[in-house]
Amino acid sequence: MRDISPVVSPPPVPDPVSLDTQLEKLLATVAEARPKDDLSPIGKAYQYAAQYHSGQLRASGEPYLMHPLAVAQILADMRMDVVSIVTGLLHDIVEDTTVTTADVQKNFGPEVASCVDGVTKLSKIDFFSAEDRQAESYRKMLLAMVNDIRVIIVKLADRLHNMRTLSVLSPERRERISRETLEIYSPIAHRLGMGKVRGELEDLAFRYLDPDAFAEISHAIDNQRAANEAYLERMRRTVEDELRREGIPARVDGRVKRAFSVYQKLKRQKISLEQVYDLFALRIITDSVKNCYGALGVIHNEWRPVPGRIKDFIAIPRPNLYQSLHTSVVGPEGKHCEIQIRTEEMHRIAEEGIAAHWKYKEGKRGAQDDQRVAWLRQLVEWQQEMRDPGEFSSTLKLDLYPEEVYCFTPKGRVIVLPSGASPIDFAYAVHSEVGNTCTGAKVNGRIVPLRYALRNGEIVDILTQSGHLPSKDWLGLVKTSRARNKIKHVINANERERAIEIGQKFLEKEARRHGVQLARIQRNELERVAAEYGMSKIEDLYASLGYGKFSARQVLQKAAPEQVAEDTPPPAPPPPADHSSGVQRRDDDSVIKVHGIDDVMVYRAKCCNPIRGDAIVGYVTRGKGIAVHSRTCNNVQNLMYDSERRIEVEWARNASDTFPVRIVVQTDDRPGLLHQLTTVLASESTNVRSLEARTDFHSGNDAASVEMTVDVRDKKQLEKLCAAMRRISGVRDVERINQ
Ligand code: MN
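Q: Explain the overall build of the protein chain here, please?
A: Helix and strand counts for the protein chain stand at 26 helices and 21 strands. Restricting the contact set of the protein chain to residue pairs at least 6 apart, pairs at least 24 apart contribute 67%.

Shown next as structure tokens:
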């Protein structure tokens, strides 16, 4: 019987043949698979690697060059392209020698350089021995970091060779590397459909992680094979004969199961080794899908199928595109035998996976790449479906190209964030309390600003201080909805508390003005007023007062109608309790109308100083009434996160007020210019509040600037004025300044 999976052989001993012989073998393998390709880069890469790795030794004592050469050979056996093989030869050169990625690019072109760079980046990630959940994140991170599939294939070849030569390392290193292989790399090989690589990686890792179990199972497989060789050979012949009779061309192999997959089966089904009877099976490889089904019919005609064991992965391929028909039959003597049926092409895909699709042809590149990318996307989507869908759906949209960033806590937990995420996002992803009390962050040990955009593989240490509260500015820095919602929540709760306080003070003050003794007003009176406004609690009423949604006088009038007349002219609003003094509230009050609300404090925000004609929007502040901003104001976007506090405002029609506006005029430094400017101002009958001219001595280009504050009625007048000043010869720029 032909054994196509050399499972129980000892780990291959490093080949003692010379490096030159190995290179010849490599070139021959590539030449056979790709007769038309130019192989000269391979020889060049070999010389280059020999030069820079010269003197370096592996743990086994061999020249280091053995390793890249062996990796390249693995890739050549997979029929990978020249770029992949050159990358295999150079994959450790940036990490382990003085050579830089730029050097690689200069000597071997951008494609090789980018692949080598990709492998180098993957090597730098330290995969902590992770719990199950985390291993998934590492695998995704690895896929997310790669933008060329060849990088992963080279990395898998690298890992395969390292696993084959693992015996020379210390037991600790062996265990660590084996665990990483089992948790990270063999699942990736599986997802890429690379069954052969996956199988070898798993069995090698199993051998080192649980030598006793490995020995026991390998031994059992050997025994079973010895005991049943004649039996299986008889079945194989029968199948071959039957197929030939039906005119179905086929190759029939005996297939020994791999030690690790048997081990998993034992664990999964909680059975002992003696109970596993189908350690071996048959595999039929034929020429067409039609003949696959034909062969299945022949088999079932010969032996009775075991119910529930027929699986049609041809009609419904596995997510990694594996295709085959599976069945189990009750053979002679009542023994069960598993049979797989597939075409030659399906077999290649099952063994080599994504590498089997590597039919690199000049000129066909684009379509091929799209196909591969589509496939990898599909794989990635599939692995997402494996998870609890609710957990990731809010934040996760994994793409082959990094739309996500994977970072670590100092303890090695992986935090997955959308790309561009800041340390604040990270802090909230760790825990909302960490987010709320975040005062700063260290990335890879260095302090970074909170606006820093995190990158893959970085270790983020959040600095906290108890009692610290999130700032509104953070809303402009965060990318995750989780952080955004938490920040809003804290700010709102905080503001509401203050608004209640302020509202209460407003009402007390207003009561004193009108000689109303607030203490005498029954609590249920205020509750009634609150209800009139559609609120259930007095606190809500205070909060609305504090936010400036209505005035204290309105509330007081409703609460004590006998003492506060409805038609008394509105008393002056309470003095501003903040830095926004300087604005003329009473004036502005009459030039801006608030939709649906009368008698409310309105002021023009200092940050953008909107004037009549500017598009404006109102924002209900806490305790300061309504701030009116220009719609283009930078602050508006941050403030308006709370849409409930946004309010429509417009310029009143009839008012004739003017607005002070600051203007800076850049000019040539020449006599007479200032006079021309003031002439323009006069002809536009503009009142000038202040004017200051400055010569810029340092610029050396005879520049001057004139800064002035002028009163204008509206935007139209301002624009006209600016246009007139721009027409003056020697004026370089006229700019409205908002602060
Ligand atoms: Mn390596």
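Q: What exactly am I supposed to notice about the coordination of the manganese ion here?
A: Geometry sets the ideal angles at a metal, namely 109.5 degrees for four tetrahedral donors and 90 or 180 degrees for six octahedral donors. Only His-67 (NE2), His-91 (NE2), Asp-92 (OD) and Asp-158 (OD) from the protein reach the manganese ion as donors, at distances of 2.2 to 2.3 Å. Sequence spacing of the donor residues for the manganese ion, all on one chain, is H-x23-H-D-x65-D. Remark: Asp-92 occurs in the loop between helix 4 (82–90) and helix 5 (93–96) and His-67 occurs in helix 3 (residues 66–77); sequence separation between them is 25 residues. Taken individually, His-67 and Asp-92 each receive the classification buried, so the pair is uniform in this respect.

Q: Any chance you could explain the sheet that holds strand 15 (residues 626–630) here in plain terms?
A: Strand pairs in the sheet, formed through backbone hydrogen bonds, run parallel or antiparallel to each other. Read across the sheet, four strands follow the order 13-15-14-16 without closing on themselves; strand pairing throughout is mixed. Looking at strand neighbours, the two that pair on one side only are strand 13 (602–604) and strand 16 (646–647), the edges of this open sheet. Summarising the sheet, strand 14 (residues 616–620) and strand 15 pair through five bridges and their orientation is antiparallel. Residue Val-620 lies in a different strand from strand 15, and its bridge partner there is Ile-626.

Q: What is the right way to look at the pairing of strand 15 in this model?
A: The side chains of a regular strand alternate between the sheet's two faces. Extensive coverage of strand 15 is indicated by the burial of five of its five residues. Side chains Ile-626, Val-628 and Ser-630 of strand 15 all project onto a buried face; the interleaved residues Ala-627 and His-629 project onto the opposite face, where all are buried too.

Q: What should I look at first to understand the sheet that holds strand 10 (residues 446–448) in this one?
A: With antiparallel pairing, three strands are arranged side by side in an open sheet as 10-9-11. The open sheet is flanked by strand 10 and strand 11 (460–464), the only strands paired with a single partner. Across this sheet, the average inter-strand angle for adjacent strands is 35°, counted without regard to direction. Helix 17 (residues 423–430) rests against strand 9 (438–443), strand 10 and strand 11 of the sheet, and its axis sits at about 80° to strand 11.

Q: Whenever I open this one, the layout of surface pockets confuses me. Can you help?
A: It is a probe the size of a water molecule, rolled over the atoms, that shows where empty space is left. One number sums up the size of the second largest pocket: a volume of about 680 Å³. Lining the second largest pocket we find 27 residues, and of these Asp-158, Arg-159, Asn-162, Arg-173 and Ile-177 sit closest to its centre. Among the elements of the structure, helix 5, helix 6 (101–124), helix 8 (149–164) and helix 9 (171–191) are those that each provide at least two residues to the lining of the second largest pocket. Looking at which element gives the most residues to the lining of the second largest pocket, the answer is helix 9, with five residues. Taken together, the residues of the lining of the second largest pocket sort by class into 10 nonpolar, six polar and 11 charged.

Q: Please explain the side chain of Arg-258 as it appears in this structure.
A: Counting through the fold element by element, Arg-258 comes out in the loop between strand 1 (250–256) and helix 12 (259–269). Overall, the relative accessible area of 18% leaves Arg-258 in the buried class. Polar contacts involving the side chain of Arg-258 include one to the side chain of Glu-202, which spans 3.2 Å.

Q: For this particular structure, what's the right way to read the pattern of salt bridges?
A: Overall, the coordinates contain 29 salt bridges when judged by the stated rule. Arg-150 serves as the salt-bridge partner of Glu-111, at 2.8 Å between the closest nitrogen and oxygen. Pair noted here: Glu-111 is in helix 6 and Arg-150 is in helix 8, with a separation of 39 residues, a long-range link.

Q: When you look at unusual backbone geometry in this model, what are you seeing that I'm missing?
A: For residues other than glycine, phi is negative in most cases, and the peptide bonds are mostly trans. One non-glycine residue, Asn-444, lies in positive phi territory at about 50°. Its location among the elements puts Asn-444 in the loop between strand 9 and strand 10. Using a relative accessible area of 49% as the deciding quantity, one classes Asn-444 as partly exposed. Phi is positive for Asn-609, close to 40°, though the residue is something other than glycine. Position of Asn-609 among the secondary structure elements: in the loop between strand 13 and strand 14. By relative accessible area, Asn-609 is classed as buried at 15%.

Q: What is the right way to look at the packing of helix 4 against helix 6 in this model?
A: A pair of packed helices is characterised by two quantities: the angle between their axes and the separation of those axes. Running from amino to carboxyl end, helix 4 crosses helix 6 at an angle of 80°, the nearest separation of the two axes being 9 Å. Classified by the angle between their axes, helix 4 and helix 6 sit roughly perpendicular to one another. Residues Val-83, Val-86, Thr-87 and Leu-90 of helix 4 touch helix 6, and the partners they reach there are Val-104, Phe-108, Glu-111, Val-112, Cys-115, Val-116 and Val-119.

Q: Help me understand the nonpolar core, please; the structure alone is not making it clear to me.
A: Within soluble globular proteins, side chains that are nonpolar tend to cluster in buried spots. Judged by nonpolar contacts, the single largest core of 66 residues is most densely connected at Leu-26, Leu-90, Val-104 and Met-194. Examining the composition of this core, we find that nine residues originate from one element, helix 8, more than from any other. Filtering out sequence-adjacent residues up to four positions away, Leu-26 remains in contact with Ile-42, Leu-69, Ala-72, Gln-73, Ala-76, Ile-85 and Leu-89.

Q: I would appreciate a short explanation of the packing of aromatic side chains in the present structure.
A: Where two aromatic rings form a pair, the distance of their centres and the angle of their planes describe that pair. Overall, the coordinates contain eight aromatic pairs when judged by the stated rule. An angle of 35° between the planes, with centres 6.0 Å apart, marks the rings of Phe-260 and Tyr-263 as tilted. Pair noted here: Phe-260 and Tyr-263 are both in helix 12, with a separation of three residues, about one helical turn. As far as the burial class goes, Phe-260 and Tyr-263 line up, both buried. Each ring, one from Trp-651 and one from Phe-659, has its centre 5.5 Å from the other, and the planes form 75°; the classification is edge-to-face. Judged on exposure class, the residue Trp-651 and its partner Phe-659 are both buried. Among the aromatic residues, those joined into a ring-pair cluster are Phe-206, Phe-214, Phe-260 and Tyr-263. Lying across the ring of Phe-108, Lys-44 places its NZ or CZ 5.0 Å from the centre. Positioned above the aromatic ring of Tyr-231 is the side chain of Lys-335, whose terminal nitrogen or guanidinium carbon lies 4.8 Å from the ring centre.

Q: For this particular structure, what's the right way to read the environment of Ser-466?
A: Mapping Ser-466 onto the fold places it in the loop between strand 11 and helix 19 (481–513). A sequence separation of 32 residues divides Ser-466 from Val-434, and the C-alpha atoms of the two residues are 9.2 Å apart.

Q: In this structure, what is going on with the confidence of the model for the protein chain? I would like to understand it.
A: Where the model shows low pLDDT, its predicted coordinates should not be examined in detail. For the protein chain, mean pLDDT is 79; residues scoring 70 or higher make up 80% of the total. Note on residues 1–14: pLDDT is under 50 here. Beyond four places in sequence and across chains, it has 35 contacts. Long-range and interchain partners of residues 380–402, a stretch whose pLDDT sits below 50, account for 41 contacts in this model, where long-range means more than four residues apart.

Each value, and the rule that gives it
Residues numbered from 1 in each chain as written. Predicted model: local features only at pLDDT ≥ 70, side-chain atom pairs only at ≥ 80, totals over all residues. Heavy atoms only, no water. Helix = DSSP H or I, 4+ residues; strand = E, 2+ residues; numbered from the N terminus. Contact = heavy atoms within 4.5 Å. Donors = N, O, S within 2.8 Å, 3.2 Å for Na, K, Ca; no water. Buried < 20%, exposed > 50% of the residue type's maximum accessible area, 1.4 Å probe, protein only. Pairing = 2+ DSSP bridges. Axes fitted to C-alpha atoms, helices over the stretch in contact; angles between N-to-C directions. 1 Å grid on protein atoms, 1.4 Å probe; cavity = no way out; pocket = protein on both sides within 12 Å on 5 of 7 lines; lining within 4 Å. Points joined across faces, edges and corners; volume = space filled by probe spheres on them. Nonpolar A, V, L, I, M, F, W, Y, C, P; charged D, E, K, R; others polar. Polar contact = N/O pair within 3.5 Å; in protein donor to acceptor, adjacent residues only side chain to side chain. Salt bridge = Lys/Arg side-chain N within 4 Å of Asp/Glu carboxyl O. Parallel < 35°, antiparallel > 145°, perpendicular 65-115°, else oblique. Core = buried A, V, L, I, M, F, W, Y, C linked by side-chain atoms within 4.5 Å. Phe/Tyr/Trp six-rings, centres within 6.5 Å; stacked < 30°, edge-to-face > 60°. Lys NZ or Arg CZ within 6 Å of the ring centre and 35° of its normal. pLDDT = per-residue confidence, 0-100.

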